[in-house]
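Each chain, letter by letter, is given below.
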Amino acid sequence: MNPNLNIIENSILVIFGVSGDLSRRKILPAIYHLIKDNMLPEKMTIIGTSRKDISLDELMKEVELCVLEDSKVCDQKVLLKFKNMLSIIKFDPTNMNHYLSLKERFKKIEDQNKECFNRLYYLSVPTSSVGPIIKKLGLSGLNKGCSHGLGKSRLLIEKPFGNDLDSAKHLISEISKFFKEDQIFRIDHYLAKETAQNIFAFRKHNPVFWKLWDKNSISSIEVKALEKIGIENRVDFYEHMGALKDLVQNHLIQLLSLITMEIKPNNSTQTSDIHKAKLKLLKQIMPLNRQTFKEVRLGQYKNYKKEVSNPNSDIETYVKLKLEINNRRWLGTPIYLETGKALDRKSTEIVINFKTKNIQQTNSLTFRIQPNEGIDIKLIVKEPGLTDKYKEAFMDFSYQKTFNQTTHPDAYERVLVDALKGDQTLFATSAEVLASWEILEPLLKYWKKHPKILKIYQEGSNPSNI
Ligand code: BG6
């Protein structure tokens, strides 16, 4: 085991919905890479639950394919080690007896090893199953540590955390009957992306930007997550979500908070202080109102209605909106959030545009979250020679050039390691989730009474034409 991670205690990881799409595409390949990099605790047991009959060999074959697609190499020794760690059980999440047998299984593992294991429950299941599973985990006593009163039980939950403010409040209150806040790890995998993690360090340790980080020097901020892919068969999910709930409510607002929250050079890096500062900022983002509704741009890609077999669907696959932050640092600086599917590119970035005077060219700082991860600064320079023309030039930090790294650990590797360690820094708290919904709630209510105005766009469109 990696000596830096010696705080990860021996653990049992239960993946609910192990045969589902997210598990096969993200969670299991992330575990493969963690085994390969020797990042897991010495004694680790993984139990996958599935409603369907699926054999370990079948599942491992799929993991192998995902890993191959990802990194073009598949280490057979690692796969074997993984296979020895993993078992699959057929599990009906509505049947209490299945939770009790799981508890028995834990006891056997702990008795055999003569020690207590932490438990981590990863709920990779449809939103409607989250509440009921948590309730049964609680009622069967699986929310506690092992029988000697030692060990931790933790929950890893995927977004969406509710579908609007009320449902989020309801879900939070239901979960809190059985799990305390320090046991709950709400995943926002964008926070675990390499460049997103760099925002905090970059702002804290580069004094060159300290005095420029406000409305006096910054003319606007843009946070964009543009995708080439469409909804990829997630028909039910997307018809209940749309771009606003799928990406803006969580990933984009979280990224925005990292950019605009108070970070001072001598700030504490304690998890609770970071969450406090982030929450303070989230509460200062002004909820959308009748004035700002008008500036919301919505689009739907041309084949969407056919894909979801709903000729009347008013679900947006593209959204761009403007927000403002009501505090001394930011009031008056427009902030644009934009996301969409079936566009001409895959690109997630945060652009900070600086104010310039009497010049056409622009000066900006961009955090490239993906692809080609890095940070660049666009400067205005004079063209060489006997001319007084100006040009834009780039100073570019790229992980690839600086660290000779073409790939980074996937965000899900970081998510798993942090949850195993019990480090909640990169996870969203319940208060943050509610504060995010509060920003969007007036718009969601407005949409209930007024039809959405959607621009239909061709797949592969440039977002600036929507
Ligand atoms: C998920 C959304 O949270 O993020 C998806 O539900 C989206 O709709 C995905 O495609 C994008 O993640 P990434 O890491 O590929 O940018």
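Look above for the structure.
The rules behind the values
Residues numbered from 1 in each chain as written. Predicted model: local features only at pLDDT ≥ 70, side-chain atom pairs only at ≥ 80, totals over all residues. Heavy atoms only, no water. Salt bridge = Lys/Arg side-chain N within 4 Å of Asp/Glu carboxyl O. Buried < 20%, exposed > 50% of the residue type's maximum accessible area, 1.4 Å probe, protein only. Helix = DSSP H or I, 4+ residues; strand = E, 2+ residues; numbered from the N terminus. Expected span 1.5 Å × (residues − 1). Contact = heavy atoms within 4.5 Å. Phe/Tyr/Trp six-rings, centres within 6.5 Å; stacked < 30°, edge-to-face > 60°. Lys NZ or Arg CZ within 6 Å of the ring centre and 35° of its normal. Patch = residues over 30% accessible without salt bridge, like charges linked within 9 Å, V, L, I, M, F, W, Y side chains within 5 Å. Areas by Shrake-Rupley, 256 points an atom, 1.4 Å probe, with all protein chains shown as cover. Lys, Arg positive; Asp, Glu negative; His and termini not counted. Charge placed at Lys NZ, Arg CZ, Asp CG, Glu CD. Pairing = 2+ DSSP bridges. Axes fitted to C-alpha atoms, helices over the stretch in contact; angles between N-to-C directions.

Peer 1: Help me out: how do you make sense of the pattern of salt bridges in this one?
Peer 2: One side chain can pair with another of opposite charge once the charged atoms of both are near each other. What the rule picks out here adds up to 29 salt bridges. Between glutamate 262 and lysine 264 there is a salt bridge, with its nearest N and O atoms 3.6 Å apart. Under the relative-accessibility criterion, glutamate 262 is labelled partly exposed at 27%. By relative accessible area, lysine 264 is classed as partly exposed at 38%. The shortest N-O distance in the salt bridge between lysine 401 and aspartate 396 comes to 3.8 Å. With a relative accessible area of 66%, lysine 401 lands in the exposed category. Within the structure, one salt-bridge network assembled from shared partners comprises Arg368, Asp376, Asp396 and Lys401.

Peer 1: Just to check I follow, could you spell out helix α7 (residues 194–205) for this structure?
Peer 2: Every α-helical turn comprises 3.6 residues, leaving residues that sit three or four positions apart pointing alike. Along its 12 residues, α7 runs 17 Å from first to last C-alpha, staying within 8% of the 16 Å computed at 1.5 Å per residue. The elements touched by buried residues of α7 are α9 (242–260), α10 (271–284), β11 (347–354), β12 (364–370), β13 (374–382) and α13 (399–403).

Peer 1: Please explain the packing of aromatic side chains as it appears in this structure.
Peer 2: To describe a pair of aromatic rings, you give the distance between the ring centres and the angle between the ring planes. What the rule picks out here adds up to 16 aromatic pairs. On the numbers, 6.5 Å between centres and 70° between planes, the contact of tyrosine 301 with tyrosine 457 is edge-to-face. In this pair, tyrosine 301 sits in strand β8 (residues 297–301) while tyrosine 457 sits in strand β16 (residues 454–457), placing the two residues 156 residues apart along the sequence. By the burial criterion, tyrosine 301 is buried, and tyrosine 457 matches it. Where phenylalanine 397 meets phenylalanine 403, the ring centres are 6.1 Å apart and the plane angle is 85°; that geometry is what we call edge-to-face. Through successive ring pairs, a cluster of aromatic residues spans Phe16, Phe91, Tyr99, Phe106 and Tyr121. The ring of tyrosine 336 has lysine 320 sitting right over it, with the charged end atom 5.3 Å from the ring centre.

Peer 1: Is there a simple way to think about a positive patch on the surface in this case?
Peer 2: On the surface, Lys169, Arg290, Lys445, Lys448 and Lys449 cluster together into a positively charged patch. Considering every element that reaches the positive patch, the biggest residue donor is helix α15 (residues 430–449), with three residues.

Peer 1: Sorry, what's going on with the sheet that holds β12 here?
Peer 2: By definition, the strands of a sheet pair up through backbone hydrogen bonds, in either a parallel or an antiparallel sense. Taken in spatial order, the nine strands line up as β14-β13-β12-β11-β7-β10-β9-β8-β16 in an open sheet, and their pairing is mixed. Whereas interior strands pair on both sides, the edge strands pair on one side only; in this sheet they are β14 (390–398) and β16. Sheet twist, expressed as the average angle between the axes of neighbouring strands with direction ignored, equals 15°. Two strands pair when backbone bridges link them, and strand β7 (residues 218–226) and β11 are joined in this way by eight bridges, in the antiparallel orientation. Counted as the bridge partner of glutamate 222 is valine 351 from β11. Seen against the sheet, α9 touches β7, β9 (318–323), β10 (335–340), β11 and β12 and runs at an angle of roughly 140° to β10.

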